[in-house]
Amino acid sequence: MRLFIAVELSKEIKKELTALEEKLKSSAADVKWVKPDNVHLTLKFLGETKEEQIEPIKKILNGLAEKFKVFKTEIAGLGSFPNLKSPRVIWIGANNTDTLSVIANLLEEKLDKVGFPKEKRDFQPHLTLGRVRSLKNINILKDTLAKNLDFKAGILEVKALSLIESKLTPSGPIYTAFQSTGLS
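As the structure is a computational prediction, the values presented were derived from the model and not from experiment. Residue indices follow the written sequence of each chain, beginning from 1 at its first position. Per-residue local features of the predicted model are confined to residues with pLDDT of at least 70, and side-chain atom pairs are confined, for both listing and counting, to 80 or more; whole-chain, interface and lining totals are unaffected and use all residues. Here the side-chain values reflect all heavy atoms present in the structure, with hydrogen atoms and water set aside.

Novice: Whenever I open this one, the environment of T169 confuses me. Can you help?
Specialist: What counts as a helix is a DSSP run of H or I of at least four residues, what counts as a strand is a run of E of at least two, and both are numbered from the N terminus. Relative to the elements of secondary structure, T169 occurs in the loop between β8 (160–167) and β9 (174–182). Of the polar contacts made by the side chain of T169, one reaches the backbone oxygen of G172; its length is 2.3 Å. The term polar contact refers here to a pair of N or O atoms within 3.5 Å; inside protein, the definition further demands a hydrogen-donor-capable atom paired with an acceptor-capable atom, and it admits residues adjacent in sequence only when both atoms are side-chain atoms.

As structure tokens, then:
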């Protein structure tokens, strides 16, 4: 199974992201857009996971969920990797992310011990909206991005950590929450 750990979004946040995506799509740039229902805040990508690794992952999630209370983070700020002059990945950021960062770092530490190597890059909380495929209409896209840098989707109440399965299909990935562990 191909798995990752993420925070799922509220319907209200997804609605705001849908409206933003429509604005960005008006650039007619060659971007593979993520379906709003598939947008999430990834804490750790696990990749191909063996059946015997699932129980240790669940135990780690349960242990972390007991240590953290429900908290809020603002989903805001449009950006791109590597930068706005050369957009490759278009994303929305998250503010007030101290707790998210602590959780992500603890996941890295604990999952490393059960066979999932630590990320080489520091955790940067973001929600991927799309991936640029070519330079078609790239300047229009850059202008549209620049006009929406201060975008705010709203406040997300982080209530759970979800273990999600990703099935790749020709029409795009299908995500299924395998387990959702509520915070205390």
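Novice: Looking at this structure, I do not really get helix α2 (residues 51–67). What am I missing?
Specialist: Burial classes: relative accessible area under 20% of the type maximum marks a residue as buried, over 50% as exposed, and values in between as partly exposed (1.4 Å probe, protein chains only). Buried residues of α2: Q53, I54, I57, I60, L61, L64 and A65, and no others. Within α2, the buried residues cover an arc of 130 degrees as seen down the axis, which keeps them to one side. For α2, the exposed residues lying more than 90 degrees away from the buried face are E52, K59 and E66. In what follows, a contact means two residues having at least one pair of non-hydrogen atoms within 4.5 Å. Considering only its buried residues, α2 is in contact with β1 (2–7), β3 (41–48), α3 (98–112), β8 and β9. As used here, the arc is the angular range of directions from the helix axis to the C-beta atoms.

Novice: So what exactly am I meant to see when it comes to unusual backbone geometry here?
Specialist: Most peptide bonds take the trans configuration, and most residues that are not glycine carry a negative phi. Here the bond from F81 into P82 is cis, since omega is -5 degrees, no more than 30 degrees from zero. Relative to the helices and strands, P82 resides in strand β4 (residues 71–82). In the Ramachandran plot, A28 falls in the positive-phi region, its phi being about 60 degrees despite a non-glycine side chain. Considering the arrangement of structural elements, one finds A28 in the loop between α1 (11–25) and β2 (31–33).

Novice: Where do I start with the pattern of salt bridges in this structure?
Specialist: Where charged atoms from two side chains of opposite charge approach closely, those side chains can pair. Here, a salt bridge means any Lys or Arg side-chain nitrogen found within 4 Å of an Asp or Glu carboxyl oxygen. One pass over the full model with this rule turns up 7 salt bridges. Between E22 and K25 there is a salt bridge whose closest N-O contact spans 3.7 Å. Placement of the pair is E22 and K25 together in helix α1, with a separation of 3 residues, close to one helical turn. The partly exposed category is assigned to E22, whose relative accessible area is 47%. Since its relative accessible area comes to 36%, K25 is described here as partly exposed. In the salt-bridge network here, residues are joined through shared partners; they are K44, E108 and E119.

Novice: Could you clarify how one ought to interpret the nonpolar core in this entry?
Specialist: Within soluble globular proteins, side chains that are nonpolar tend to cluster in buried spots. Residues I90 and L129 are the most contacted members of the largest nonpolar core, which totals 47 residues. When residues in this core are grouped by element, the largest group, 6 residues, is from α2. Not counting the four nearest positions on each side in its chain, L129 is found in contact with L17, L20, E21, L24, K32, W33, V34, V39, L78, I90, W91 and I92. Buried Ala, Val, Leu, Ile, Met, Phe, Trp, Tyr and Cys residues that are joined via side-chain atoms within 4.5 Å together make up what is termed a nonpolar core.

Novice: Can you help me understand the packing of aromatic side chains in this one?
Specialist: When we look at a pair of aromatic rings, we describe it by the centre distance and by the angle of the planes. Each Phe, Tyr or Trp ring, with Trp reduced to its six-membered ring, pairs with another whose centre is within 6.5 Å; inter-plane angles below 30 degrees give stacked pairs, above 60 give edge-to-face pairs, and intermediate values give tilted ones. Within this structure, the stated rule accounts for 2 aromatic pairs. Arranged with centres 5.2 Å apart and planes meeting at 80 degrees, the rings of F4 and Y175 form a pair that is edge-to-face. Linking F4 in strand β1 with Y175 in strand β9, this pair joins segments that are 171 residues apart in sequence.

Novice: I tried to follow the side chain of E108 on my own but got confused; where do I start?
Specialist: Secondary-structure assignment places E108 in helix α3. By relative accessible area, E108 is classed as buried at 11%. Here the side chain of E108 touches E119 through a polar contact of 3.0 Å, landing on its backbone nitrogen. Beyond its immediate chain neighbours, meaning those up to four positions away, E108 contacts K44, P117, K118 and E119.

Novice: What's the story with the sheet that holds β4 in this structure? I'm lost.
Specialist: Through backbone hydrogen bonds, the strands of a sheet pair up, either in parallel or in antiparallel fashion. Taken together, the 5 strands give an open sheet; going across it, the order is β2-β6-β5-β4-β7, and neighbouring strands pair in antiparallel fashion. Two strands close off the open sheet at either side, each with one partner strand: β2 and β7 (152–158). Within this sheet the neighbouring strands show an average axis-to-axis angle of 30 degrees, counted without direction. Axis definition: a line fitted to C-alpha atoms, limited for helices to the stretch in contact. Angles are taken between N-to-C directions and run from 0 to 180 degrees. Each of β2, β4, β5 (87–95) and β6 (126–132) touches helix α4 (residues 138–147); the most contacted strand, β5, lies at about 10 degrees to it. Two strands form a pair only when DSSP identifies at least two bridges running between them.

Novice: In this structure, what is going on with α4? I would like to understand it.
Specialist: Each full turn of the α-helix corresponds to 3.6 residues, which orients residues three or four apart in the same direction. Residues of α4 that are buried: I138, L141, T144 and L145. For α4, the arc enclosing every buried residue in end-on projection is 120 degrees, short of the 170-degree limit, so these residues lie on one face. Counted as exposed and oriented over 90 degrees from the buried face of α4: N139 and K147. Among the structural elements, α1, β2, β4, β5 and β6 are those in contact with the buried residues of α4.

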